Amino acid sequence: MAKLKDLAAIEDRLVAGHGMCIGCGIPLIFKVILRATEDPLIIANATGCLEVCTTIFPRTSWNVTWVHSAFENAASTISGIEVMYKALKKKGRIPKDKRFKFLGVGGDGGTYDIGLQALSGAVERGHDIVYVCYDNNVYANTGGQRSSATPIGASATTSPAGTQSPGKIQRRKDLTKVLVAHNIPYVAQASPHRWQDLYNKAKKAFEVEGPAFLNVLCLCPTEWKYDESLGIRLAHMAVDTCVWPLYEVENGKYKINYKPKEKKPVLEWIKTQGRFRHLFKEKNAWVLEEFQKQVDQDWEELNKLESL
Amino acid sequence: MKKESWKELTLGTINLDAGNSVKNLTGTWRSGKKPQFIEERCIQCFFCWLYCPHFAIEVDGDKVRGINYDYCTGCGICSVECPTKEKAIVMVKEEVKLFEERAK
Ligand SMILES: Cc1ncc(C[n+]2csc(CCOP(=O)(O)OP(=O)(O)O)c2C)c(N)n1
Ligand code: SF4
Ligand code: SF4
Ligand code: SF4
Ligand SMILES: [Mg+2]
C-alpha cells in the first residue's frame, strides 16, 4: 500500500503556478493520478479548466509531454499518439522495450458531451490508453453552462433556476456505465477524498493492456458555490449520499469499493451548495424528491450488478 | 514581461521550458487570511500536502515543514483537513494586502 509520504517524495508532474481557482479540486485529482505510474507519460488534454489554466502563454505547469487538444477530440489525439509510438518502435526509432503511458484527459463537457464520439471510437478500437474524465458537473471554464453530467435541479447558466424553472430538469447521463457497455478491460469511478482508492484505480488503469477509463468527481467551488475550504468535506458527502458511488468494473465484473454505513439523504449533499439553493422553495420540493429517487434507483441497481 | 508576437513563437507553439509556471506566484491572490503551520502539533499525516490545490505545502525529506506563501492562495482546505485535535494548521488574519501592494 502506498503511503502519502512516499507519494510526496515523487517529483510533481503538474507543478505550482497554475491558474486554477482558489480551492479548485482538479489539482488534487491529478496530484494522485500522475504518480500512479513511473513510466514516461504523454498526455492529450481537451480544453477546459485544466487545459486552459495550466498553459497560459508563455507558461506551462506540465513537467511531462503534454499536447493541447480541441474540446471534442482528446481521445482521438491520444489514440493517434499511441499508434505513432507503436509505428516508431516498429521502425526502430524508439527501443522496442521502452515503456510509455498514454493519457487522455477531459472535463465532463469534453467527455460526456462533445468528446463522447471520439472516446467511444478510441476505446472500441482498443488502444492502450487511459482516459480520465474530471467531472465537475458543468462547463466551468466558459462560465457554467449545464452539461449532461449536471444533476437534476442544479442551476447553470443554460438551465437557470428562476420563477419558471427549477434548474436543470433532465436526469444526468451515467457515463461510467456507457463506458462499461464498451466491454473494455477497466472502468472505474473515484473521488479525490479517498486518495488510496483513486491511486489504486489509476495504477490498475495504467497497468491493464488496452483501454481504461476513470471518471473522477471534481470539486468546483466557483460553479457549485460553496465555501472553498470545505471541498473535501463535500466529496465525503457525495459518496456518503451515494450521489457519487465508488466502484470499478474489471473485465465486466462490478465491485463497489465503498459502502456507506448509513446512506445519507441527498439533502445533505445539496444543502451547502448555492447551485441547489432554490430547491428549498416549496414549489421545487418535487425536484429534490426526484433527485433522491434517481440516486436510490442507481444505488440499488449498482448493488444488483455487483451481486451478479 | 515582454510581449511576444506570433512571429517569435516556436513552430507548433512548442514550449520546451517544462514547468515554467512556477514563475507565476499565485500567493498574490490571497486576501485577508493565510494558514499558519504549528510544527509541534503536526503528526506528519501529509493530508495538507495531498489536498492543497496550489502545491504550497513545503516538504523537506519526509516531513511537512510549513507553507510556501509564494503559492498559497489561502483557500483553507489544509486547515479544515488537518486531523489533529488542536490543529497544526490554523487560518490567521493577514494584514498585508498583497493585491494592493502589487497595484502600487
Ligand atoms: C468546439 C468547441 N466548442 C466550444 C468551445 C468553448 N469551450 C472551451 S472549454 C468549454 C467547457 C469545458 O467544459 P468541461 O469539459 O466540463 O471542462 P471544465 O471547464 O468544466 O473543466 C467550452 C464550451 C470550444 N473550445 N470548442
Ligand atoms: S471554475 Fe471550477 S473547475 Fe474551473 S478552475 Fe475554477 S474551481 Fe476549478
Ligand atoms: S490555504 Fe489552500 S493554498 Fe494555502 S496551503 Fe492551505 S490548502 Fe494550500
Ligand atoms: S494535515 Fe496537519 S497534521 Fe497532517 S501533516 Fe499537515 S499540518 Fe501536519
Ligand atoms: Mg466540467
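The text that follows walks through the structure, step by step, so that each part is easy to find. (Residues numbered from 1 in each chain as written. Chains lettered and ligands numbered in written order. Predicted model: local features only at pLDDT ≥ 70, side-chain atom pairs only at ≥ 80, totals over all residues. Heavy atoms only, no water.)

Digging into the environment of Lys203(A)
Thought 1: You can see Lys203(A) is positioned in helix H8 (residues 195-207).
Thought 2: Along the sequence, Lys203(A) and Ala36(A) sit 167 residues apart, while their C-alpha atoms lie 4.9 Å from each other. (Helix = DSSP H or I, 4+ residues; strand = E, 2+ residues; numbered from the N terminus.)

Some thoughts on the site of ligand 1
Residues and elements named next belong to chain A.
Thought 1: Taken together, 17 residues lie around ligand 1, and Gly109, Gly110, Tyr134, Val138 and Asn141 are the ones closest in.
Thought 2: Between ligand 1 and Gly109, the relevant distance is 2.8 Å, taken from an oxygen atom to a main-chain nitrogen or oxygen of the residue.
Thought 3: Within the backbone of Val138, an N or O atom sits 2.9 Å from an oxygen atom of ligand 1.
Thought 4: With the chains in place, 74% of the 590 Å² that ligand 1 exposes on its own is no longer accessible.
Thought 5: Elements with a contribution of two residues or more to the shell around ligand 1: helix H5 (108-113) and strand S5 (138-139).
Thought 6: At three residues, H5 tops the list of elements feeding residues into the shell around ligand 1.
Thought 7: Its residues assigned to classes, the shell around ligand 1 shows seven nonpolar, eight polar and two charged. (Near = heavy atom within 4 Å. Polar contact = N/O pair within 3.5 Å; in protein donor to acceptor, adjacent residues only side chain to side chain. Areas by Shrake-Rupley, 256 points an atom, 1.4 Å probe, with all protein chains shown as cover. Nonpolar A, V, L, I, M, F, W, Y, C, P; charged D, E, K, R; others polar.)

Structural notes on the side chain of Asn136(A)
Residues and elements named next belong to chain A.
Thought 1: For Asn136, the location among the structural elements is in the loop between strand S4 (130-135) and S5.
Thought 2: With relative accessibility at 4%, the residue Asn136 sits in the buried group.
Thought 3: Setting aside residues up to four positions removed in sequence, Asn136 forms contacts with Asp108, Cys218, Cys220 and Trp224. (Buried < 20%, exposed > 50% of the residue type's maximum accessible area, 1.4 Å probe, protein only. Contact = heavy atoms within 4.5 Å.)

Remarks on the pattern of salt bridges
Residues and elements named next belong to chain A.
Thought 1: One pass over the full model with this rule turns up 25 salt bridges over all chains.
Thought 2: For the salt bridge of Asp12 with Arg35, the shortest nitrogen-to-oxygen distance reads 2.8 Å. Taken as a pair, Asp12 in the loop between helix H1 (4-9) and helix H2 (26-33) and Arg35 in the loop between H2 and strand S1 (41-46) lie far apart in primary sequence, 23 residues in all.
Thought 3: The closest approach of N and O atoms between Lys293 and Glu290, which form a salt bridge, is 3.4 Å. Of this pair, Lys293 and Glu290 are both found in helix H12 (residues 285-307), three residues apart, which corresponds to roughly one turn of the helix.
Thought 4: What makes Lys293 partly exposed here is its relative accessible area of 48%.
Thought 5: Counted as one network, the salt bridges with shared partners bring together Asp39, Arg99 and Lys101. (Salt bridge = Lys/Arg side-chain N within 4 Å of Asp/Glu carboxyl O.)

Digging into the side chain of Gln196(A)
Thought 1: Residue position: Gln196(A) is located in helix H8.
Thought 2: With near-sequence residues (within four places) excluded, Gln196(A) lies in contact with Met1(A) and Ala2(A).

A word on the packing of aromatic side chains
Thought 1: This model, assessed by the stated rule, comprises 11 aromatic pairs over all chains.
Thought 2: Ring geometry for Phe71(A) and Tyr139(A): centres 5.7 Å apart, planes at 90 degrees, overall edge-to-face. Placement of Phe71(A) in the loop between strand S2 (65-69) and helix H4 (74-90) and of Tyr139(A) in strand S5 is noted, with a sequence separation of 68 residues between them.
Thought 3: Taken together, the ring pairs connect Tyr85(A), Phe100(A) and Phe102(A) into an aromatic cluster.
Thought 4: A cation over a ring is seen here: Lys31(A) above Trp49(B), with NZ or CZ 5.4 Å from the ring centre. (Phe/Tyr/Trp six-rings, centres within 6.5 Å; stacked < 30°, edge-to-face > 60°. Lys NZ or Arg CZ within 6 Å of the ring centre and 35° of its normal.)

Concerning the interface of chain A and chain B
Thought 1: With 36 residues of chain A in contact, the opposing surface of chain B contributes 34 residues.
Thought 2: Between chain A and chain B, the buried area comes to about 3,200 Å², and carbon and sulfur atoms account for 65% of it.
Thought 3: Considering only the side of chain A, the residues that lose the most area to chain B are Lys5(A), Lys31(A) and Arg59(A), jointly responsible for 21% of the buried surface there.
Thought 4: Counting the contacts that link chain A with chain B gives two salt bridges.
Thought 5: As a salt-bridge pair, Lys33(B) and Glu228(A) come within 3.9 Å of each other at their nearest N and O atoms.
Thought 6: Of all elements in the fold, only H1, H2 and helix H10 (231-240) of chain A reach the threshold of two or more residues within the side of chain A that touches chain B.
Thought 7: Among the residues forming the side of chain A that touches chain B, the class breakdown is 20 nonpolar, nine polar and seven charged. (Buried area = accessible area lost by both parts, 1.4 Å probe.)

Focus on the coordination of the magnesium ion (ligand 5)
Residue and element names in this part refer to chain A.
Thought 1: At this site the magnesium ion (ligand 5) is bound by Asp108 (OD), Asn136 (OD1) and Val138 (O), with donor distances of 2.0 to 2.1 Å.
Thought 2: One chain supplies every donor to the magnesium ion (ligand 5), and in sequence these donors are spaced D-x27-N-x1-V. Placement of the pair is Asp108 in helix H5 and Val138 in strand S5, with a sequence separation of 30 residues. This pair shows no difference in class: Asp108 is buried, exactly as Val138 is. (Donors = N, O, S within 2.8 Å, 3.2 Å for Na, K, Ca; no water.)

Describing the site of ligand 4
Thought 1: In the vicinity of ligand 4 lie 13 residues, with Cys42(B), Cys45(B), Phe46(B), Cys48(B) and Cys82(B) positioned nearest.
Thought 2: When the residues that make up the shell around ligand 4 are grouped by side-chain class, the tally is 11 nonpolar, two polar and no charged.

Remarks on the environment of Met1(A)
Thought 1: Structurally, Met1(A) is set in the segment before H1.
Thought 2: Expressed as a C-alpha distance, the spacing of Met1(A) and Ile81(A), which sit 80 residues apart in the sequence, is 32 Å.

Observations regarding the nonpolar core
Thought 1: Formed by 121 residues in total, the largest nonpolar core has its most connected members in Phe30(A) and Trp269(A).
Thought 2: Every residue in contact with Trp269(A), bar those within four places of it in the chain, is listed here: Trp224(A), Leu234(A), Met237(A), Ala238(A), Thr241(A), Val243(A), Arg275(A), Phe276(A) and Phe291(A). (Core = buried A, V, L, I, M, F, W, Y, C linked by side-chain atoms within 4.5 Å.)

Concerning the packing of H4(A) against helix H6 (residues 116-125) of chain A
Residues and elements named next belong to chain A.
Thought 1: Running from N to C, H4 and H6 point in directions that differ by 30 degrees, and their axes come no closer than 7 Å. With respect to their mutual orientation, H4 and H6 come out roughly parallel. Facing Ala75, Ser76 and Ser79 of H4, the residues of H6 in contact are Ala118, Leu119, Ala122 and Arg125.
Thought 2: Looking at the contact of H4 with H6, its residues break down into four nonpolar, two polar and one charged. (Axes fitted to C-alpha atoms, helices over the stretch in contact; angles between N-to-C directions. Parallel < 35°, antiparallel > 145°, perpendicular 65-115°, else oblique.)

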